[in-house]
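# Coordinate inspection notes
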Amino acid sequence: MHGSLSVAQELLRHNLVDRVRLLSYPGAVGQGKPLFPSGEQVPLELISATQFSNGVVALEYAAVVAKS
């Protein structure tokens, strides 16, 4: 989901996400809104991590479904 943090958070909260793809940049400036709210755990499993020559890392996670 591009462009709406609040929609992405609601989808995660209601277990409607099967994949999460993040780009991690080597420099950080300031402080933004967190994707994962403090105190909430989102069970994710790392599927792949790719590092690019400019230092950016592409991470892909799969949602872990709770077994009942």
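Before going into details, it helps to say that this report is about the structure given with it. (Residues numbered from 1 in each chain as written. Predicted model: local features only at pLDDT ≥ 70, side-chain atom pairs only at ≥ 80, totals over all residues. Heavy atoms only, no water.)

## Thoughts on the overall build of the chain
Spelled out, the test is: Strands here mean DSSP runs of E at least two residues long; helices mean DSSP runs of H or I at least four residues long; both are numbered from the N terminus. The contact criterion used is simple: two residues touch if any of their non-hydrogen atoms lie within 4.5 Å. For every accessible area listed, the method is Shrake-Rupley and the probe measures 1.4 Å; residues are considered covered only by the protein chains on display.
In terms of regular secondary structure, the chain is built from one helix and three strands. Start at the N end of the chain and walk to the C end: the helices and strands fall as α-β-β-β. Within the chain, contacts between residues at least 6 apart in sequence are counted, and of these 52% link residues at least 24 apart. Accessible surface, the chain as shown: approximately 5,800 Å² in total, 53% of it carbon and sulfur.

## Regarding the sheet that holds strand 2 (residues 44-51)
Rule in force here: Pairing between strands is defined by DSSP: at least two bridges between the two strands are required. In this analysis, axes come from line fits to C-alpha atoms, helices being fitted only over the stretch in contact, and the angle between any two N-to-C directions falls in the range 0 to 180 degrees.
The three strands lie next to each other as 1-3-2, forming an open sheet whose pairing is antiparallel. Because the sheet does not close on itself, it has two edges, and the strands there are strand 1 (19-24) and strand 2. Strand after strand, the sheet turns through a mean of 20° between neighbouring axes, direction not considered.

## A look at the pattern of salt bridges
Using the following cut-off: Each reported salt bridge corresponds to a side-chain nitrogen of Lys or Arg within 4 Å of a carboxyl oxygen of Asp or Glu.
With the rule as written, the count across this model stands at three salt bridges. Each of the salt bridges in this network shares a partner with another, and the network as a whole consists of R19, R21 and E60.

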